[in-house]
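Observations on the three-dimensional arrangement
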Amino acid sequence: MKCKKNYCNTNKKKCNKRGNKHCKVMKNYCKIKCTKKCFDKETQPLRNYNIGSSTTAIADKLVSRPSTTPIKVQLFEDIQFPSNDVDQDGNYDVKYNAPSSDVKSKCFKKVVLTLDFSVEPGKQFDREYSLWKDGVLLARGTTAQTDFIQNNDNEWTVECNVTDYLKPLLKDGCIRMNLFNLIQDDLTSSITVSSCLEFYPLPNCEKCLKVPDKVIPLSLDEKGELFQITPTTTFKKVFQKSKLPTNIVRAELDLTVRGNGEEEFWFFMDFNLLKSTFYRELEVLLDGDIVSVIPIPPYIYTGGAAPALWVPIPNVETLKFTFTTVPINFVLGRLNQNKVHTFCIRIAGILDSGFNVGGNLKLCLDEKKKVVCGKVLKNTLSDKNEPKISNAVVSQLFGKPFNSQSKRSYNQKGYIDTSKGKIYFEVCGKVLFDETGTISNEGNVTTLGSDLSSSLNIVEKISNKCGLIKKVYTNYSYESKIDRVIEQLSSGNFNVEFSSDNTFKVSNKVKKCDKVVFEQQICNNTQNNLDYVQSSSGVVSWENQSSSQRYQSHVKQTKKCGTKETDFDLTLTAKDNLLESVTYN
């Protein structure tokens, strides 16, 4: 017997024949049965590790799987970059066949994207990749370099929860995998990629998830292309009349931003390059007004400093970039107006090379009203409210500690008049950046140290005429400690002692009626150390390599029927570029 909330209402004939008592019994039966299945028993897949191997090893948690049987859609398999199937810009385009029509009518609990990478032995730089569906950015990251220790195929897997992009994934279209890989001179290794989607149907006794009704790509190309922001260029996307819905009730931006060229290494404190503050900030504008800001912390990929630093354990936020999700609901009163709207993205504190940015705009729509009116009541984010930055003078840094700080707080308010009445939004945001370091030069030895922290904290209150409905807390933070001791040798080479300690954290919390109904905390830390000799042509030799990664995740969900907590805690260690231990804490 299947559980139904309105069993008696939908089975009136049975009730009339067998009496109200039967209905009450069935209601209790259903309640008990559904309570037992209050939470689906999800499984947690684990990665395979090879102790003593130099192939890439990461502790990042794979996506947990619902108990239902998935519908698998293979996107592509064993595509080589470069190859005849890939164009000169590194794009591989393939037709996407969505799940069949009978499957589309089902509710889904989760959609999981899997990317399997393999780099053949030889030599190759780390490369950036991005995966798109009709311009919607599904995944982005960088590849690891080759296994130059044991000369094996370097293989690893990346997984993403792409449930928010369910609606576009239920339509046929085009999949684009972009990975520009060059084979020439001493760069000899190709990169092979396979990818698939798994659609997990909703388990019994669970409600259909509310996913965005519309996902609008923020891309330069209808198939998918990152856009570059420089000191002289910004990204603009113009929506003509009738191109945006007029009944939006929730809007969020998913964005990823990474530096390239000089910007990829700005935090190494090369003062021949630095022309301004150490701080970088992405700003999103709607019709000329700033609606959101995101600090840009420094990330180091497997090509940073010395490649041997990151073998076999790469830095955090390397193989897969985490989307930064920010709400812009306070501005829906303006966005729902049937007018021309312009989204613009720019970056403050930028150097010459610039940043590559990609993302999506996620929209939830009113089911009953075609036009949802509203108004922006307050927005303290403006050019007049620029980040407060204190920055040391570059010429005075040598031999002295320096500090660079930025603080920015903002408040935003607005409302919309939905089919369920007026909904009020209030956002309180805070951006913090703090870098402290020293640069000293004694004889032929230069010492550089940097201790940096960057965070974005957002609290969104959603209320109606009766009071507070929901309160959503979101926090992204990044901490980086880098130390370098550089000794110039008589040969003209440099002896370098390098150590880095990087931590990336994400936390989300949802409160309803002052009760926490959802809480998630992720902490990802890597520590990497290496002594190496560098010449003008690159790293000559190295020793004393050691590294570790600890990935911790805590999720707590509360329903009327109970509470479920899930924990994951894994530590990897490596020595002399070989995986040494795998510990589930």
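Residues numbered from 1 in each chain as written. Predicted model: local features only at pLDDT ≥ 70, side-chain atom pairs only at ≥ 80, totals over all residues. Heavy atoms only, no water.

**Comments concerning the overall build of the protein**
Here is the rule: Counting from the N terminus, the helices are the DSSP runs of H or I reaching at least four residues and the strands are the DSSP runs of E reaching at least two. Only the protein chains shown count as cover for residues, with accessible areas throughout obtained via the Shrake-Rupley method and a probe of 1.4 Å.
Helix and strand counts for the protein stand at six helices and 28 strands. On the protein, roughly 27400 Å² of surface is accessible, and the fraction owed to carbon and sulfur atoms is 47%.

**Some words on the sheet that holds strand β5 (residues 136–142)**
To keep things clear, this is the line we draw: One bridge is not enough; two strands pair if DSSP finds at least two bridges between them. Interaxial angles span 0 to 180 degrees and are taken between N-to-C directions of axes, which are lines fitted to C-alpha atoms, for helices over the stretch in contact.
Spatial ordering of the open sheet is given by β2-β7-β4-β5, a layout of four strands whose pairing is antiparallel. The sheet is open, and its two edges are formed by β2 (91–96) and β5, each paired on a single side. When the angles between neighbouring strand axes are averaged without regard to direction, this sheet yields 15°. Of the pairings in the sheet, the one linking β2 to strand β7 (residues 173–179) comprises six bridges and is antiparallel in character. Paired with tyrosine 96 across the strands is glycine 173, a residue of β7.

**Notes on the sheet that holds strand β8 (residues 191–201)**
Across the sheet, four strands lie side by side as β1-β8-β3-β6; this open sheet has antiparallel pairing. Since the sheet does not close on itself, it has two edges, and those belong to β1 (71–81) and β6 (154–161), each with one partner. Pairwise comparison of adjacent strand axes, ignoring direction, gives a mean angle of 15° for this sheet. Bridge count between strand β3 (residues 108–119) and β8: eleven bridges; the pairing is antiparallel. Among the inter-strand pairings, valine 112 is bridged to a residue of β8, identified as glutamate 198.

**Focus: the pattern of salt bridges**
Note the threshold: Whenever Lys or Arg places a side-chain nitrogen within 4 Å of a carboxyl oxygen from Asp or Glu, that contact is recorded as a salt bridge.
All told, the structure shown has 23 salt bridges when counted by the stated rule. The salt bridge partner of glutamate 252 is arginine 250, with a shortest N-O separation of 3.1 Å. Between arginine 250 and glutamate 460 there is a salt bridge whose closest N-O contact spans 3.2 Å. Residue arginine 250 is located in strand β12 (residues 248–259), and its partner glutamate 460 is located in strand β22 (residues 445–464); the two are separated by 210 residues in the primary sequence. Residues joined by salt bridges that share partners form a network here, namely Asp164, Arg250, Glu252, Asp254, Lys362 and Glu460.

**Examining the packing of aromatic side chains**
This is how it is decided: Two rings from Phe, Tyr or Trp (for Trp, the six-membered ring) form a pair when their centres are within 6.5 Å of each other. A pair whose planes differ by under 30 degrees is stacked, one over 60 is edge-to-face, and the rest are tilted. Think of it in three bands: with a 1.4 Å probe and only protein chains considered, a residue is buried below 20% of the maximum accessible area for its type, exposed above 50%, and partly exposed in between. Any Lys NZ or Arg CZ found within 6 Å of a ring centre and within 35 degrees of that ring's normal is scored as a charge over the ring.
Summed over all chains, the structure comprises 14 aromatic pairs. Taken together, a centroid distance of 5.6 Å and an interplanar angle of 75° make the contact between phenylalanine 76 and tyrosine 92 edge-to-face. Highlighted residues: phenylalanine 76 in strand β1 and tyrosine 92 in strand β2, separated in sequence by 16 residues. With a relative accessible area of 4%, phenylalanine 76 lands in the buried category. Each residue in the set Phe117, Tyr129 and Trp156 is aromatic and connected to the rest through ring pairs, giving one cluster. Its end group placed over the ring of tyrosine 299, arginine 258 keeps NZ or CZ at 3.9 Å from the ring centre. In this arrangement the basic side chain of lysine 509 is found over the ring face of tyrosine 473, its NZ or CZ atom lying 4.8 Å from the centre.

**Description of unusual backbone geometry**
Along the chain, phenylalanine 81 connects to proline 82 via a cis peptide bond; the corresponding omega equals 0°. Proline 312 follows valine 311 through a cis peptide bond whose omega is 0°. Phi is positive for aspartate 134, which is not a glycine, with a value near 50°. Residue placement: aspartate 134 occurs in the loop between β4 (128–133) and β5. You will see that cysteine 513, though not glycine, has its phi angle at about 55°, which is positive. Tracing the chain through its elements places cysteine 513 in the loop between β24 (494–512) and β25 (515–535).

**A look at the nonpolar core**
This is how it is decided: Residues belong to a common nonpolar core when they are buried Ala, Val, Leu, Ile, Met, Phe, Trp, Tyr or Cys residues joined through side-chain atoms within 4.5 Å. Throughout, a contact is declared for two residues whenever any of their heavy atoms are within 4.5 Å.
Ranked by internal contacts, the top residues of the largest apolar core, which has 73 residues, are Leu282 and Ile347. Each residue touching leucine 282, except ones within four places of it in the same chain, is listed here: Leu255, Val257, Ser292, Val293, Ile294, Ile296, Ile345, Arg346, Ile347 and Val357.

**Quick notes on the confidence of the model for the protein**
Detail in the predicted coordinates should be disregarded across regions flagged by low pLDDT. What counts here: One confidence number per residue, pLDDT, is output by the predictor and ranges from 0 to 100.
Per-residue confidence for the protein gives a mean pLDDT of 87; residues scoring 70 or more make up 88%. Mean pLDDT values for the elements of the protein range from 39 in helix α1 (residues 7–10) up to 98 in β7. Every residue in residues 1–36 scores below 50 in pLDDT, and together they form 23 contacts with partners more than four places removed in sequence or on other chains. Segment residues 271–275 is flagged for pLDDT under 50; beyond a separation of four residues in sequence, or across chains, it makes twelve contacts in the model.

**Overview of the environment of aspartate 213**
Within the secondary structure, aspartate 213 is located in the loop between β8 and β9 (214–218). Taking C-alpha positions, aspartate 213 is 9.5 Å from aspartate 366, a pair spaced 153 residues apart along the chain. Those residues in contact with aspartate 213 that lie beyond four places of it in its chain are Lys167, Leu363, Cys364 and Leu365.

**Here's the deal with the side chain of serine 53**
We apply this condition: Definition of a polar contact: a pair of N or O atoms within 3.5 Å, with one able to donate and the other able to accept a hydrogen when the atoms are protein atoms, and with sequence-neighbouring residues admitted only if both atoms are side-chain atoms.
Tracing the chain through its elements places serine 53 in the loop between α3 (20–36) and β1. Polar contacts involving the side chain of serine 53 include one to the side chain of threonine 55, which spans 2.9 Å.

**Things to note about the environment of phenylalanine 180**
Within the secondary structure layout, phenylalanine 180 lies in the loop between β7 and β8. The exposure class of phenylalanine 180 is partly exposed, given its relative accessible area of 38%. If near-sequence neighbours (up to four positions away) are discounted, phenylalanine 180 is found in contact with Gln88, Asp89, Gly90, Arg127 and Glu128.

**Overview of the side chain of threonine 418**
Following the sequence through the fold, threonine 418 ends up in strand β20 (residues 401–418). A residue is classified by how much of its surface remains accessible, and threonine 418, at 10% relative accessible area, is buried. Reaching out from threonine 418, the side chain makes a polar contact with the backbone nitrogen of lysine 420 at a distance of 3.1 Å. A polar atom in the side chain of threonine 418 sits 2.8 Å from the backbone oxygen of glycine 421.

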